Amino acid sequence: MTSMHEVHRSKSIEYCVISLHNELIKSLCCLKCLISCHLKTPSYFFPAFAQRCPSGWTLYQDSCFIIYTTWKNWYDSRLACQAEQGDLPIVTSVEMNTFLTSFTEQAGNTAWLGLNDFEAEGTFQWNDGTPLTAPLDTLWKDNNPNDPDGSEDCGGLRADGTWVDLSCIVNKYRVCQRPNGKFCKLFLLLRLTIKKYLREFMDSDWLKNGLVGGVFNM
Ligand SMILES: [Ca+2]
Ligand SMILES: [Ca+2]
């Protein structure tokens, strides 16, 4: 039978562990603010900021997207995206291309993609080095890539959803892609891990057997 003393000791331990847990979460939240997840509201509730894009950006899968209708060449467009912790888009599926086309269709012009054939003429790859593979290579507009004068090394997404190779120094719109709260997800994972270990700590035999009970009751 559980004595009142044991119940009291158990509650003391529980309170200490919960307090410790809360302090850890608060510390993580402060750190989160420092690395700036671009949240609208500073919240301790991790699920609430697991999926947040900055104002004006649209969430699609694990990334945030925005179109800018200021005219820039491919290089300056890329730099502008990188200045916002993003990059030109890397299209990973036909569905994603359809999503991106909603931007160019509305804007009514071509936007730069993170696609180029700098390394080998005619062999396009994404800015992260991954090759362009089927079925995405069916998205080229008729007769593209054509590189008519040997200078069309950058890929753009047209308003109709097809792609063209263009001279990298011509000015086009740009879509920027940036990760959606990767740091926040890391904290969410960290929090779940901490909870798991705290629960195991609470349930551990050596704790229940009172080996450290005296310490908590001091
Ligand atoms: Ca080319
Ligand atoms: Ca072309």
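Presented here is a report on the structure given in the accompanying data block. (Residues numbered from 1 in each chain as written. Chains lettered and ligands numbered in written order. Predicted model: local features only at pLDDT ≥ 70, side-chain atom pairs only at ≥ 80, totals over all residues.)

### Looking at the overall build of the protein
Thought 1: Each helix and strand in the protein was counted, giving 6 helices and 7 strands.
Thought 2: Within the protein, buried positions represent 24% of all 218 residues.
Thought 3: When contacts within the protein are restricted to residue pairs at least 6 apart in sequence, those whose partners lie at least 24 apart make up 66%. (Helix = DSSP H or I, 4+ residues; strand = E, 2+ residues; numbered from the N terminus. Buried ≥ 20, exposed ≤ 12 C-beta atoms within 10 Å, placed from the backbone. Contact = placed C-beta atoms within 7 Å.)

### Things to note about helix α2 (residues 74-82)
Thought 1: Those residues of α2 not exposed but buried are W74, S77, R78 and C81. Along the axis of α2, the buried positions cluster into a sector of 100°, meaning they face one direction only. With respect to the buried face of α2, the exposed residues turned more than 90 degrees away are Y75 and L79.
Thought 2: Lining the buried residues of α2 we find β2 (63-72), β3 (111-120), β5 (152-157) and β7 (172-179). (Arc of directions from axis to C-beta.)

### Considering the pairing of β2
Thought 1: Examined bridge by bridge, strand β1 (residues 58-60) and β2 share 3 bridges and lie antiparallel to one another. Bridge pairing in β2 links T58 to F65.
Thought 2: Inspection of the sheet shows β2 paired to β7 by 7 bridges, in the antiparallel sense. In the sheet register, C64 faces β7, and the bridge partner there is R178. (Pairing = 2+ DSSP bridges.)

### What to know about the environment of E121
Thought 1: Secondary-structure assignment places E121 in the loop between β3 and β4 (123-126).
Thought 2: Assessed through the 12 C-beta atoms surrounding it within 10 Å, E121 is described here as exposed.

### Comments concerning unusual backbone geometry
Thought 1: Here the residue pair A134 and P135 is connected by a cis peptide bond, since its omega of 5° sits within 30 degrees of zero.
Thought 2: Among the secondary structure elements, P135 is positioned in the loop between β4 and β5.
Thought 3: The omega angle of the peptide bond from N144 to P145 is 0°, so this bond is cis rather than trans.
Thought 4: Looking at the secondary structure, you find P145 in the loop between β4 and β5.
Thought 5: In this model, Q61 sits at a positive phi of 50°, which is unusual for a non-glycine residue.
Thought 6: Positive phi outside glycine occurs at Q85, with the angle close to 55°.
Thought 7: Positionally, Q85 belongs in the loop between α2 and α3 (94-107).

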